[in-house]
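Overview (structure and organization)
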Amino acid sequence: MPELLRIENIKQHFSSGGGIFRKGYTIHAVDGVSFSVKAGETLGLVGESGCGKSTLGRSILKLFEPTAGKIFFEGRDITHLSVKKMRSLRQEMQIIFQDPTESLNSRHTVGMIIEEPFIIHGIGKPAERKLWVKELLLKVGLPESATERYPHEFSGGQKQRIGIARAIALKPKLIICDESVSALDVSVQAQILNLLLALQQEMKLALIFIAHDLSVVKHISDRVAVMYLGKIVELGNALEVYNSPRHPYTQALLSAIPVADPRKRNTERIMLKGELPSPINPPQGCHFHTRCPYATDKCKEEQPLLVAKAGDHADACHYPLTNQSKPEFRQLA
Amino acid sequence: MLHEVLLEVKNLGTEFTTDDGIVRVLDGVTFNVKKGQTLGIVGESGCGKSVTAMSIMGLLPHPYGRVNAGEILYRGTNVVDLPPEKLYEMRGNSISMIFQDPMTALNPVHSVGKQLCEVLELHRKDLDKKDRLTYAIRMLEKVGIPSPEQRVMEYPHNLSGGMRQRVIIAIALACKPDILICDEPTTALDVTVQAQILDLMRELQRETGMAMIFITHDLGVVAEICDDVVVMYAGRAVETADIFTLFEKPKHPYTKGLLNSMPTLSALHKQMLVTIPGNVPHLSEMPEGCRFCTRCAYATEECRNTVPIWTQLDGEHRVSCHHWKEVD
């Protein structure tokens with residue numbers, strides 16, 4: 001499959017708090033991230049709140065102007081495209097937001113909401129557009145009669161379907177799903193995940209699936225990137241990352257998921273101490289060393305780089321875990 | 001093993017007055033809470049989990065919400081009829097509650113210590129001001145807050161989400177309650193912090209022997225911490241069982257659907273999930289009979305017209321379904 005998107009060393013810093021007599025500070029939300037996405041594949045992006053996953057999603061769409069780094073879409077450098085050129089490129093890349101209630105205009109009917117992308121890009125005549133809207137509604141599993149109704153008349157899951165219909169309206173090649181199922185109940189979440197999988201197959205969509213729920217990400221992704229404090233710490237094939245995590249953070253994260261099997265409850269967990277450090281002053285060296293059970297002096301000083309040691313499973317750790325190296329740890333996991 | 005029953009909820013019904021008339025939010029909810037055990041209440045949003053907790057605590061919004069049927073017996077006394085003074089005495093002292101959002105449950109203009117001392121001031125009249133502060137510091141230490149002597153003077157905005165939830169737990173446990181009601185206590189937290197908090201709660205329960213009611217929508221968390229479970233759907237309890245039976249031999253189609261629709265780490269990759277079709281009907285449009293009949297694969301005419309009665313299966317496993325025999 002051809003490469004659709006490549007980002008190189010993307011940085012997204014925000015300055016805040018400065019005044020005339022006071023020096024501001026910089027939030028290192030995304031701090032040098034590189035990866036590529038192939039056409040039709042799903043890349044899962046996981047991490048805890050504040051790790052920069054949503055910011056990264058928005059930087060890719062250039063909803064923020066990246067501080068540094070390069071974004072290539074279909075081989076073309078789009079990092080410094082003008083707002084106008086970027087707008088027409090957004091036909092190809094779309095986003096589905098977390099909160100379906102806040103991302104739909106409550107004063108527009110569903111028909112108007114889904115038709116809007118066509119109007120913005122000047123596609124089709126009014127009659128044609130009405131027809132397309134109806135087709136889109138059927139595709140996401142809503143009745144045609146929904147066109148005349150307003151978002152508040154729908155439940156959370158149905159609103160998310162409307163958001164999906166709007167995102168796929170222009171037949172994009174890439175959709176970024178920013179926590180798109182996190183606000184939904186399990187039974188509805190399963191419906192939406194199924195819909196996304198079906199649409200992906202039908203339209204050959206590439207997805208960047210941002211979520212904090214690791215089980216959901218594993219379910220939908222081909223490859224997974226694990227983020228910690230603005231950096232990717234591990235990237236690889238979803239099954240490989242989940243079955244044999246190399247970075248201690250990935251391992252701790254996987255071990256912390258509550259397993260829906262009461263007979264497995266007494267298995268020992270790897271309990272991380274403390275919480276995510278502030279992205280204003282990220283720790284020197286490896287960002288994870290303050291919470292890592294294996295940190296040495298080297299980790300405190302030298303920042304590990306994300307390198308693939310075998311195949312395309314990459315990790316950013318000085319002492320990556322292997323099946324042999326930490327037998328006592330393996331058992332616990 | 002037999003455990004003493006601390007709280008009995010029998011046939012609880014709660015209704016709210018709304019612009020569209022009276023809505024019955026809870027209908028015939030029944031369960032027992034046993035000493036030293038954790039009861040999980042699971043269900044999706046709007047199924048009445050939190051209203052059940054509010055009804056027990058006497059925290060229903062006055063005058064719109066009221067308990068209109070059934071009884072809530074705490075050590076034999078019906079708390080529904082208790083006068084407000086008696087309720088004040090009970091709340092925070094014998095039955096305590098932790099809320100979902102650690103960001104809004106604390107008062108931002110008072111220090112952590114002051115908020116901890118407030119509950120002691122109300123319920124522990126034997127302590128003087130100095131003792132209360134020492135006690136507060138000890139509580140903070142107990143819930144795993146580092147350097148509690150300094151933290152006690154700090155304000156909620158200085159603390160992270162996980163730390164705030166620890167403070168809230170400390171406040172809830174300050175008077176050594178018999179029962180702790182936890183309304184989605186870890187939902188707003190990250191997985192690694194959630195694991196820490198669940199661990200803490202389990203440990204505190206072992207230490208104090210209190211009973212817990214754990215309200216959550218996350219079946220993983222339920223499997224982690226609960227001994228017994230009540231599954232609720234649209235204001236009614238549909239199945240109760242001990243944790244193992246519920247996960248291994250669910251008999252209500254809804255319970256089964258919930259368990260199936262969850263993506264798990266061991267599930268097959270990129271497979272379609274089994275889903276429950278449709279949505280929960282609006283409370284004012286509830287079907288006459290079984291409330292799940294609009295989404296149930298087993299539904300028949302009988303389900304649409306008559307409310308299923310409770311069937312007692314082995315042990316404490318009870319199910320409210322006409323077709324439980326067909327569910328395997």
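Note that this is a predicted model, so its numbers are computed, not measured.

**Details of the overall build of chain B**
Within chain B, the regular secondary structure consists of eleven helices and twelve strands. Against the globule reference of 20 Å for 328 residues, chain B gives a C-alpha radius of gyration of 21 Å, in line with a compact fold. When the backbone C-alpha atoms are referred to their principal axes, chain B occupies close to 65 × 50 × 45 Å. Looking at the 328 residues of chain B, the share that counts as buried comes to 47%. Once local pairs closer than 6 in sequence are excluded, the contacts in chain B between residues at least 24 apart make up 64%.

**Some words on the nonpolar core**
Grouped together as the largest cluster of nonpolar side chains are 181 residues, with contacts concentrated most on Phe-209 and Val-226 of chain A together with Ala-170, Ile-179 and Ile-213 of chain B. Ranked by residues supplied to this core, first place goes to helix H6 (residues 161-173) of chain B with eight residues. Shared between two domains, this core takes at least three residues from each, and those domains are domain 1 (5-94 + 177-326) and domain 2 (104-176) of chain B. Apart from the residues lying within four places of it in its own chain, the contact partners of Ile-213 of chain B are Val-33, Leu-39, Ile-41, Ala-53, Ile-179, Ile-181 and Cys-182 of chain B.

**Observations concerning the sheet that holds strand E11 (residues 307-310) of chain A**
All names here are of chain A. Ordered by their spatial adjacency, eight strands build an open sheet running E6-E7-E8-E3-E9-E10-E12-E11, and the pairing between neighbours is mixed. Either end of the sheet is taken by a strand with one partner, and the two such strands are strand E6 (93-96) and E11. The sheet shows a mean angle of 20° between the axes of neighbouring strands, taken without regard to direction. Packing against the sheet, helix H5 (residues 156-168) makes contact with E6 and strand E7 (174-178), and its axis sits at approximately 175° to E6.

**Digging into the pairing of strand E8 (residues 206-211) of chain A**
All names here are of chain A. In terms of burial, E8 is largely enclosed, as six of its six residues are buried. Of the two faces of E8, both are covered, the one formed by Ala-206, Ile-208 and Ile-210 as well as the one formed by Leu-207, Phe-209 and Ala-211. In the sheet, strand E3 (residues 42-46) pairs with E8 via five bridges, with the strands oriented parallel. Counterpart to Thr-42 in the pairing with E8 is Leu-207. Direction of pairing for E7 relative to E8: parallel, over a ladder of five bridges. Counted as the bridge partner of Asp-178 is Ile-210 from E8.

**Observations regarding helix H4 (residues 126-139) of chain A**
Residue and element names in this part refer to chain A. Over its 14 residues, H4 runs 20 Å from end to end, which matches the ideal 20 Å to within 8%, given 1.5 Å per residue. Here H4 has its buried residues at Val-133, Leu-136 and Leu-137. Down the axis of H4, the buried side of the element spans an arc of 100°, and every buried residue falls inside it. Structural note: H4 exposes Ala-127, Glu-128, Leu-131 and Glu-135 on the side pointing more than 90 degrees away from its buried face. Along its buried surface, H4 packs onto helix H3 (110-120) and H5. Count one or two residues on from H4 and you reach Gly-141, which has phi positive near 80°.

**A look at the domain arrangement of chain B**
Residue and element names in this part refer to chain B. On domain assignment, one finds that chain B holds domain 1 (5-94 + 177-326) and domain 2 (104-176). Measuring from the centre of the C-alpha atoms in domain 1 to the corresponding centre in domain 2 gives 30 Å. In terms of residues, the side of domain 1 that touches domain 2 owes the most to one element, helix H7 (residues 191-208), which gives six residues. Partitioning the side of domain 1 that touches domain 2 into residue classes produces nine nonpolar, four polar and no charged.

**Some remarks on the confidence of the model for chain A**
Residues and elements named next belong to chain A. With 96% of its residues at a pLDDT of 70 or more, chain A has an overall mean of 88. The weakest mean pLDDT in chain A belongs to helix H11 (residues 327-332) at 40; the strongest belongs to E3 at 95. Low confidence marks residues 324-333, where pLDDT is under 50. Its contacts with residues over four positions away, or in another chain, come to eight contacts.

**A short note on the interface of chain B and chain A**
Listed by partner, the interface residues are 37 residues for chain B and 35 residues for chain A. Going through the elements one at a time, H7, helix H8 (219-225), helix H9 (243-248) and helix H10 (253-260) of chain B are the ones with two or more residues in the side of chain B that touches chain A. Among the elements that make up the side of chain B that touches chain A, the one with the highest residue count is H7 of chain B (seven residues). Of the residues assigned to the side of chain B that touches chain A, the class counts are 17 nonpolar, 14 polar and six charged.

**Structural notes on the environment of Ser-82 of chain A**
Mapped onto the secondary structure, Ser-82 of chain A falls in the loop between strand E5 (76-77) and helix H2 (83-89). Judged by C-beta crowding, with 7 C-beta atoms within 10 Å, Ser-82 of chain A ranks as exposed.

**So, the packing of helix H3 (residues 112-123) of chain B against helix H4 (residues 129-142) of chain B**
Residue and element names in this part refer to chain B. Put simply, H3 and H4 touch, their axes get as near as 9 Å, and they point 115° apart. In terms of orientation, H3 and H4 fall into the roughly perpendicular class. The two elements H3 and H4 cross, and the hand of that crossing is right-handed. Contact residues: Gly-113, Leu-116, Cys-117, Leu-120 and Glu-121 in H3; Arg-132, Leu-133, Tyr-135, Ala-136 and Met-139 in H4. Taken together, the residues of the contact of H3 with H4 sort by class into seven nonpolar, one polar and two charged.

Calculation rules
What you see as residue numbers is a count from 1 along each chain, following the sequence as written. Chain letters and ligand numbers both follow the written order, the letters beginning at A and the numbers at 1. Note on the predicted model: pLDDT of at least 70 is required for a residue's local features to be given, and 80 or more for side-chain atom pairs to be given and counted; whole-chain, interface and lining totals, by contrast, use all residues. Secondary structure is summarised from DSSP: a helix means a run of H or I of at least four residues, a strand means a run of E of at least two, and numbering begins at the N terminus for each. Only C-alpha atoms enter the radius of gyration; for comparison, a globular chain is expected to reach 2.2 Å times N to the power 0.38, where N is the number of residues. Here a residue counts as buried when 20 or more other C-beta atoms fall within 10 Å of its C-beta, as exposed when 12 or fewer do, and as partly exposed in between; the C-beta atoms come from the backbone. Throughout, a residue-residue contact means that the two C-beta atoms, derived from backbone geometry, are no farther apart than 7 Å. Definition of nonpolar core: a set of buried Ala, Val, Leu, Ile, Met, Phe, Trp, Tyr and Cys residues joined via C-beta atoms within 7 Å. Domain segmentation is taken from an automatic or database assignment of domains. In this analysis, strands are considered paired if DSSP registers two or more bridges between them. Axis definition: a line fitted to C-alpha atoms, over the contacting stretch in the case of helices. Angles run 0 to 180 degrees between N-to-C directions. What a helix is expected to span follows from its residue count: subtract one and scale by 1.5 Å. Each direction from the helix axis to a C-beta atom contributes to the arc, which is the arc of those directions. Amino acids outside the nonpolar list (Ala, Val, Leu, Ile, Met, Phe, Trp, Tyr, Cys, Pro) and the charged list (Asp, Glu, Lys, Arg) are all regarded as polar, and Gly is one of them. The predictor rates its confidence in each residue with pLDDT, a number between 0 and 100. Our angle categories are set so that under 35 degrees counts as roughly parallel, over 145 as roughly antiparallel, 65 to 115 as roughly perpendicular, and the remainder as oblique. Whether a crossing is left-handed or right-handed is set by the direction in which the near helix is turned from the far one by less than a right angle, anticlockwise for left-handed and clockwise for right-handed.

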